[in-house]
Amino acid sequence: MTRAPLAETPSPNWTPDQPIVRIADVHKSFGTFEVLKGISFDVRKGEVVCIIGPSGSGKSTLIRCINALVPVTAGSIEVEGIDVTDPRLDKLALRRKVGMVFQQYNLFPHKTALQNVMMAPIHVLGQEKREVEARARALLAKVRLAGKENAYPGELSGGQQQRVAIARSLAMRPDVMLFDEVTAALDPETVKEVLVTIRELAEEGMTCMLVTHEMNFARDVADHIYFTDRGVIVEHGPPATFFASAQDERTRRFLSQVL
Amino acid sequence: MIATIQAWFQQLYETTGFNFTIFYDPYDWDRYVAGLRMTLILGISTILASLVIGAVGALLQSGPSRVLRALVNGFVVVFRNTPPLVQIFFFYFGLGTLLPDIRSADGLRAPILNNVQWAIISLSLFAGAFNVEIFRSGIEAVPRTTVEAAEALGYTRFKAYRYVVLPLALRVCLPALNNNLINLLKTTTLAYAIAVPETLYAVKQIWSESQNVLEMMLVLLATYAVLVGVLVWIMHRWERALRIPGYGR
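What you are looking at is a predicted structure, and each value in this text was computed from that prediction instead of being measured.

## A closer look at the overall build of chain A
Logical step 1: Each helix and strand counted, chain A has 9 helices and 10 strands in total.
Logical step 2: A globule of 259 residues ought to have a C-alpha radius of gyration of about 18 Å, and chain A, at 18 Å, matches this closely.
Logical step 3: Seen through its C-alpha atoms, chain A measures out along the principal axes to roughly 55 × 45 × 35 Å.

Pasting the structure below:
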């Protein structure tokens with residue numbers, strides 16, 4: 001079966017000088033429990049944004065709203081001019097632009113590392129297999145996994161699996177990458193190899209949004225840090241000022257516990 | 001070679017009285033082989049059809065449409081809670097008579113579906129109902145987060161099902177599936193009741209003419225033991241082929 005490659009979905013109402021992600025007054029409730037109570041901020045193209053905060057403060061929910069894995073209750077999110085909260089949202093168009101990496105890697109266990117990276121471009125975008133394979137091999141080499149192409153996820157360490165997951169996401173050529181506590185399940189030695197990969201991506205100009213507990217990493221790579229607690233942004237700023245002179249009492253208490 | 005075998009069984013009959021007619025009488029042998037062929041047709045077609053019914057049913061059962069979910073649940077209840085022989089009778093004598101006849105090539109009136117086709121339909125639905133539940137158990141064992149990863153990569157629900165959920169679910173439910181397919185293969189003997197000339201039917205004809213019930217019973221039991229043995233062997237090979245290195249450890 002031959003499938004015509006999907007055309008790039010144009011976003012006529014968005015230009016690169018505008019924020020690539022716009023989050024405006026987002027509320028999210030699960031039943032009667034309100035997890036997000038009005039979050040607003042913009043992310044510009046090429047920016048690296050870290051979202052930090054105590055467990056249960058809604059960080060992961062927020063990031064999952066951005067690629068429509070979780071529908072918002074109120075407010076709006078736009079990615080390159082695509083209204084994520086539109087009920088007639090073209091999810092494929094959105095998810096081509098937004099890559100996501102999960103805490104538990106979530107690789108497809110029945111496929112090799114190489115196949116994991118190749119699957120979505122072939123199945124979802126209908127791209128040509130040979131071209132995708134070349135790109136997938138290059139991506140695996142980029143995340144320092146050359147030689148592991150034919151290993152199954154179950155044969156790889158956590159850090160290796162997470163780097164396959166990053167390569168898998170990059171194979172879709174996204175414009176924004178979401179990282180949801182991607183090092184939280186890793187042991188300390190392997191955390192670094194994943195962070196190195198993310199740092200390289202950031203340095204290449206990829207727009208990144210990270211939910212993380214790695215404060216030193218956030219300080220090093222982030223352009224902007226948001227601290228959330230109980231569903232609101234308590235404080236934000238560039239890392240230099242954020243870590244040096246947090247104003248809010250909750251932020252200071254949190255930082256004193258984790259730093 | 002064949003002559004030697006025939007002579008040996010003839011000799012066996014004359015000296016001991018054990019009369020395995022199919023091994024020296026070409027007429028009985030042909031009837032037995034025709035029965036065996038029909039059993040294979042029934043077995044293979046109902047196994048394949050019931051797998052498709054199971055996969056589609058399980059997809060709809062986990063789908064967003066409440067109406068379709070209710071329909072699948074109703075289907076499972078009806079076909080799981082009633083005896084397969086009654087189902088075959090219902091289809092052949094009940095539904096079969098409601099359908100209009102067609103004119104066959106020689107101008108005679110013939111039913112649209114013959115007894116073999118009805119047997120295949122009803123046995124497929126019977127085993128398919130069980131397969132829906134078996135596949136569902138497998139699907140429920142696939143972590144929600146794995147499906148989420150597929151969604152985040154732009155997979156539609158159907159494509160995620162096709163490329164991620166089903167291959168993983170299949171591995172989980174293969175042992176249960178094995179059992180059901182083995183049962184299905186043995187249940188094809190029920191087609192005897194609507195005169196489908198499968199193995200049991202053929203063997204019964206042979207023993208009522210040749211008066212060798214015990215011998216043909218032994219042949220019958222041995223035949224099904226071998227058929228099921230082959231199916232088990234194939235399923236185990238399939239299970240091994242699907243084994244994922246490093247998975248679940």
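That was the structure; now back to the text.
## What to know about the sheet that holds strand β1 (residues 21-30) of chain A
Residues and elements named next belong to chain A.
Logical step 1: Taken in spatial order, the 4 strands of this open sheet run β2-β1-β4-β5, and their pairing is antiparallel. On the outer flanks of this sheet lie β2 (33-43) and β5 (82-83), each paired with one strand and no other.
Logical step 2: Pairing of strand β4 (residues 74-79) with β5, which is carried by 2 bridges, proceeds in the antiparallel orientation. Directly across from valine 79, in β5, lies its bridge partner isoleucine 82.

## Here's the deal with the UniProt feature "transmembrane region" (unreviewed entry) in chain B
All names here are of chain B.
Logical step 1: Taken from the UniProt record, the annotation "transmembrane region" (unreviewed entry) applies to residues 38-60, 72-95 and 216-235.
Logical step 2: Secondary structure over residues 38-60 splits into 100% helix and 0% strand, and the C-alpha atoms at its two ends are 32 Å apart.
Logical step 3: Its end C-alpha atoms 20 Å apart, residues 72-95 is made of 88% helix and 0% strand.

## Remarks on helix α4 (residues 129-142) of chain A
Given 3.6 residues per helical turn, the α-helix brings residues three or four places apart onto the same face.
All names here are of chain A.
Logical step 1: Compared with the 20 Å implied by 1.5 Å per residue over 14 residues, the 20 Å span of α4 between its first and last C-alpha is a close match.
Logical step 2: Taken as a whole, α4 has its buried residues at Ala136, Leu139 and Leu140. Angularly, the buried residues of α4 cover 95 degrees about the axis, an arc narrow enough to put them on a single face. The outward face of α4, more than 90 degrees from its buried face, is lined by the exposed residues Arg130, Glu131 and Ala134.
Logical step 3: Buried positions along α4 lie against α3 (113-123) and α5 (158-170).
Logical step 4: Phi turns positive, to about 60 degrees, at arginine 144, one or two residues after α4.

## Notes on the sheet that holds strand β6 (residues 98-101) of chain A
Residue and element names in this part refer to chain A.
Logical step 1: Sheet architecture is open: 6 strands sit in the order β6-β7-β8-β3-β9-β10, paired in mixed fashion. The sheet is open, and its two edges are formed by β6 and β10 (232-237), each paired on a single side. This sheet shows a mean twist of 20 degrees between the axes of neighbouring strands, independent of strand direction.
Logical step 2: When strand β7 (residues 176-180) meets strand β8 (residues 207-211), the two strands line up parallel, connected through 5 bridges. Each bridged residue has a counterpart across the sheet, and for leucine 178 the counterpart in β8 is methionine 209.

## Here we look at the packing of α3 of chain A against α4 of chain A
Residue and element names in this part refer to chain A.
Logical step 1: Where α3 contacts α4, the axes come no closer than 9 Å and their chain directions differ by 135 degrees. Taken together, the axis directions place α3 and α4 in an arrangement best described as oblique. The way α3 lies across α4 gives a crossing that is right-handed. Contact residues: α3 offers Ala113, Leu114, Val117, Met118, Pro121 and Ile122, while α4 offers Lys129, Val132, Glu133, Ala136, Arg137, Leu139 and Leu140.
Logical step 2: Tallied by class, the residues present in the contact of α3 with α4 amount to 10 nonpolar, no polar and 3 charged.

## Considering the nonpolar core
Logical step 1: Of all hydrophobic cores here, the largest spans 135 residues; its most connected members are Ile51, Val79 and Val117 of chain A.
Logical step 2: Per-element accounting of this core gives the leading share, 13 residues, to helix α7 (residues 157-187) of chain B.
Logical step 3: With residues near it in sequence (within four places) discarded, valine 117 of chain A still touches Ala136, Leu139, Leu140, Val164, Ala167, Arg168 and Ala171 of chain A.

## Some points on the UniProt feature "domain: ABC transmembrane type-1" (unreviewed entry) in chain B
Logical step 1: When the UniProt feature table is mapped onto this chain numbering, "domain: ABC transmembrane type-1" (unreviewed entry) sits at residues 36-232 of chain B.
Logical step 2: Taken end to end, residues 36-232 of chain B is 79% helix and 3% strand, and its first and last C-alpha atoms sit 18 Å apart.

About the thresholds
Within each chain, residues carry numbers counting from 1 in the order of the written sequence. Chain A is the first chain written and ligand 1 is the first ligand written, with later ones labelled in order. Note on the predicted model: pLDDT of at least 70 is required for a residue's local features to be given, and 80 or more for side-chain atom pairs to be given and counted; whole-chain, interface and lining totals, by contrast, use all residues. Numbered from the N terminus, helices here are DSSP runs of H or I no shorter than four residues, and strands are runs of E no shorter than two. Taken over C-alpha atoms, the radius of gyration is set against a globule rule of 2.2 Å times the number of residues to the power 0.38. The pairing criterion for strands is at least two bridges between them, as found by DSSP. UniProt positions are given in the numbering used here, feature names are shortened, and annotations may be inferred rather than shown by experiment. A helix is expected to span 1.5 Å multiplied by its residue count minus one. Partly exposed residues are those whose C-beta has more than 12 but fewer than 20 other C-beta atoms within 10 Å; 20 or more makes a residue buried and 12 or fewer makes it exposed, with C-beta atoms placed from the backbone. Summarising the geometry, the arc corresponds to the directions from the helix axis toward the C-beta atoms. Contact criterion: two residues are in contact if their C-beta atoms, reconstructed from the backbone, are within 7 Å. For helices, the fitted line uses only the C-alpha atoms of the stretch in contact; every axis is such a line through C-alpha atoms, and the angle between N-to-C directions lies from 0 to 180 degrees. Any angle that falls under 35 degrees is termed roughly parallel, while one over 145 is termed roughly antiparallel, one within 65 to 115 roughly perpendicular, and all others oblique. Two helices cross in a left-handed way if the nearer one is turned anticlockwise from the farther one by less than a right angle. They cross in a right-handed way if the turn is clockwise. Residues are grouped as follows: Ala, Val, Leu, Ile, Met, Phe, Trp, Tyr, Cys and Pro are nonpolar; Asp, Glu, Lys and Arg are charged; every other residue, Gly included, is polar. To form a nonpolar core, buried Ala, Val, Leu, Ile, Met, Phe, Trp, Tyr and Cys residues must be joined through C-beta atoms within 7 Å.

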